[in-house]
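Listed below, chain by chain, are the residues.
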Amino acid sequence: MLEWLSVCVVISLFCSLVAGYMLYSGLRSDIIILTGSPPVRKITFAYKFKEGSYNNCGQLFKESITIGPKLSCIGIFYDDPKKVPRPQCRCAVGSILSEGEDTADEELLKRYETSGFNVFSFPEVTHVVTTSFPHRTFFSILLGIRRVYPRLENYIKERRLCAHPFLEIYTEGLIHFMAPLARQGDFYVPEVRQAERRLSEVSHCDTEVSGADSNSEYSSGSGILLSDSRETSLAAFSVHSESFQDEGDRNNRGRSSRGNSFKELDWEQTDEQQEVRHEQLNDYSYQKSLEVPVQELWGVVGGEE
């Protein structure tokens, strides 16, 4: 009987310790999401770029902390694992070397570069979506990721905001989550841009458009890789396409009127001159027939059927 009582006491104590540990780690902490100033100013940081499942980022964090144990860690996550296959998810992980007008420690900078880290800077922006979560234990990281991101996603979706990428900044006592609402393109490290460019080139090579010049800078294989707003970039592309189409229509009307004037002049010329004129008209008709598919292509790109 005493043995069972001892076992129950031990189990109760263990459960109490686990519950207290989880509460201390942030299990019941309030999560308040705001739109406003960022938790950090302009920063310079050392990082390593990685493609693959975000579950494997722990090794990069550990390596970064080993070099600069007193520095704040940072993780930048560019893809949504729910929409992008895990092997293609991209992130950058490292440590913040300096903030604002401060300069980075030269010795630490060399140590990071010697270990294969790259150095990059993010600008200070005025508006971000941000929140914070307690950083007291290792379990705080897991709880923060589980609890914060669903709320961030709902907040952004409900307000129809354009916020990307997502940053996690680990300071002493707090984990800051943020996503910029402006100048998002400045938060993409060079490796992400290179990956986007490679994908764009592959897509361009695989796309065959009948009757269109495959080297055209407006072809479907090219486009804006990264921009401050996806919606803005798409709108600008649409307006550009429509203006190009309008110019093409004006050129066609001008060419058509010149073609009619050629036909009227034929009646007043000699047989030899008329024969030359007919050859020019045939050449013009052939060129015009080659231009039609290109104009039809621009109509599709501009949003017209």
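Look up: the structure comes first, before these words.
Residues numbered from 1 in each chain as written. Predicted model: local features only at pLDDT ≥ 70, side-chain atom pairs only at ≥ 80, totals over all residues. Heavy atoms only, no water.

A. Looking closely at empty space enclosed by the protein. What the rule picks out here adds up to one cavity of 30 Å³ or more. Estimates place the volume of the largest cavity at around 50 Å³. Every residue along the wall of the largest cavity is listed here: P38, V40, R41, I43, F122, P123, E124, V125, L167, M178 and F187. Tallied by class, residues from the lining of the largest cavity come to nine nonpolar, no polar and two charged. (1 Å grid on protein atoms, 1.4 Å probe; cavity = no way out; pocket = protein on both sides within 12 Å on 5 of 7 lines; lining within 4 Å. Points joined across faces, edges and corners; volume = space filled by probe spheres on them. Nonpolar A, V, L, I, M, F, W, Y, C, P; charged D, E, K, R; others polar.)

B. Representation of the packing of aromatic side chains in the model. Summed over all chains, the structure comprises twelve aromatic pairs. Here the aromatic rings of Y54 and F77 are separated by 5.0 Å at their centres, their planes lie at 70 degrees, and the arrangement is edge-to-face. Of the two residues, Y54 sits in the loop between β2 (43-51) and α2 (58-67) while F77 sits in strand β3 (residues 73-77), which places them 23 residues apart along the sequence. Judged by centre distance (5.5 Å) and plane angle (75 degrees), the rings of F61 and Y170 are edge-to-face. Taken together, the residues span a long stretch of sequence, with F61 in helix α2 and Y170 in strand β7 (residues 166-170) at a distance of 109 residues. In this structure an aromatic cluster arises from ring pairing among F45, Y47, F120, F122 and F187. When the ring centre of Y24 is taken as reference, the NZ or CZ atom of R136 above it lies at 5.4 Å. Sitting over the ring of Y155, R159 keeps its end group 3.8 Å from the ring centre. (Phe/Tyr/Trp six-rings, centres within 6.5 Å; stacked < 30°, edge-to-face > 60°. Helix = DSSP H or I, 4+ residues; strand = E, 2+ residues; numbered from the N terminus. Lys NZ or Arg CZ within 6 Å of the ring centre and 35° of its normal.)

C. A look at the nonpolar core. Counting 23 residues, the largest nonpolar core has C57 and V129 as its most contacted members. Sort the elements by how many residues they give to this core and helix α4 (residues 138-158) lands first, with five residues. Not counting chain neighbours up to four residues away, the residues in contact with C57 comprise F77, C91 and V93. Listed in part, the 19 residues of the second largest apolar core include F45, I76, L167 and M178. (Core = buried A, V, L, I, M, F, W, Y, C linked by side-chain atoms within 4.5 Å. Buried < 20%, exposed > 50% of the residue type's maximum accessible area, 1.4 Å probe, protein only. Contact = heavy atoms within 4.5 Å.)

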